[in-house]
Amino acid sequence: MNYVQAVAAPERNIGRIKLHDRQDAFAGMRAAGRIAAGCLDMLAGEVREGVATGRLDDLARQYLFDHGAVPACVFYRGYRHTVCTSLNHVVCHGIPGERVLRSGDILNIDVTCVFDGWHGDTSRMYGVGDVPRKAQRLMDVTYEALMRGIAAVKPGATLGDLGHAIQSYAESERTSVVREFCGHGLGRVFHDAPNILHFGKPGQGEELKPGMLFTIEPMLNLGSPAVKVLNDGWTAVTKDKSLSAQYEHSVGVTEDGVEIFTQSPAGLDRPHALAD
């Protein structure tokens with residue numbers, strides 16, 4: 001039995017979008033989201049030259065345990081780590097290890113915890129030392145694309161509206177949107193319906209309704225949107241080796257808009273901007 005199976009409620013991905021109870025589900029998502037976001041806050045002070053990505057994974061795992069949560073990714077489909085650490089041209093699912101951070105690196109850290117049966121899932125970009133201007137700009141554009149996607153979420157809007165808000169902005173800023181990976185429903189299930197595409201056409205797709213819970217997590221590349229997965233079966237990289245960036249929040253649709261569950265308790269939602 002893995003960590004997820006040990007703590008999860010007996011819910012499963014049934015292929016249909018769940019509409020959750022606002023009071024209980026949203027309270028659970030707030031608690032889990034705050035722990036996940038707090039973990040990334042803690043790591044903001046640890047991302048620096050000379051630190052191995054495996055060290056960041058160890059710190060994240062201990063933080064979750066210390067706060068009464070468990071890492072959702074450990075043993076999930078065979079994965080053995082608490083976080084994903086995606087450096088430079090790694091799009092997502094980078095595996096922590098002996099790689100030491102160097103000045104100029106950009107790093108995405110993605111963490112998901114389970115607290116009282118609810119999942120908190122979030123990721124942020126971090127800059128290491130003297131980050132090149134083009135990399136800084138890519139991170140800025142990616143964060144803004146995420147927030148524009150979130151701003152499109154409200155009852156009566158569609159998933160196509162959300163995707164279009166991200167795609168139209170990203171492409172106007174001369175970046176490309178990765179198509180192979182998407183956001184997802186979550187709650188008591190780690191990956192649930194619906195799939196949240198970060199591109200689309202206004203008015204198309206499922207209608208958003210109060211009680212829907214999902215992640216929005218656009219991945220933008222400086223070059224082509226094409227990616228490939230390495231032989232380890234996890235690490236996705238840009239085919240043209242161009243830089244990639246990602247930001248992620250877990251959100252819920254309310255009666256009049258959207259609630260973000262994974263905002264930084266310390267106001268560090270853009271830790272890459274600390275060196276500005």
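Scroll up to find the structure.
Residues numbered from 1 in each chain as written. Predicted model: local features only at pLDDT ≥ 70, side-chain atom pairs only at ≥ 80, totals over all residues. Heavy atoms only, no water.

(A) Structural context of the pattern of salt bridges. The tally for this structure, following the rule as stated, stands at twelve salt bridges. We note a salt bridge from Arg22 to Glu255, for which the minimum N-O separation is 2.3 Å. Note that Arg22 is positioned in helix α2 (residues 22-44) and Glu255 in the loop between β14 (249-253) and β15 (258-260), a separation of 233 residues in sequence. Taking the relative accessible area as the measure of exposure, Arg22 reaches 27% and is therefore partly exposed. The class of Glu255 is exposed, set by a relative accessible area of 53%. Where Arg124 meets Asp41, a salt bridge forms, and the shortest distance between an N and an O atom there is 2.7 Å. With a gap of 83 residues between them, Arg124 in strand β5 (residues 118-127) and Asp41 in helix α2 connect regions that are remote in the sequence. This pair shows no difference in class: Arg124 is buried, exactly as Asp41 is. Connected via shared salt-bridge partners are Asp57, Asp58 and Arg61. (Salt bridge = Lys/Arg side-chain N within 4 Å of Asp/Glu carboxyl O. Helix = DSSP H or I, 4+ residues; strand = E, 2+ residues; numbered from the N terminus. Buried < 20%, exposed > 50% of the residue type's maximum accessible area, 1.4 Å probe, protein only.)

(B) Local environment of unusual backbone geometry. Cis geometry marks the peptide bond from Ala193 to Pro194, where omega comes out at 5°. Phi at Arg77 is positive, roughly 55°, even though this residue is not glycine. Relative accessible area serves as the criterion here: at 69%, Arg77 is assigned to the exposed category. Phi angles above zero are rare outside glycine, and Asp116 is one such case at about 55°. Within the element layout of this structure, Asp116 appears in the loop between β4 (106-115) and β5.

(C) Region of the structure containing the sheet that holds strand β6 (residues 176-177). Read from one edge of the open sheet, three strands run β6-β10-β13, paired in antiparallel fashion. Each edge of the open sheet is held by one strand with a lone partner, namely β6 and β13 (244-246). In the sheet, strand β10 (residues 219-221) pairs with β13 via three bridges, with the strands oriented antiparallel. In the strand pairing of β13, Asn221 is matched with Ser244. (Pairing = 2+ DSSP bridges.)

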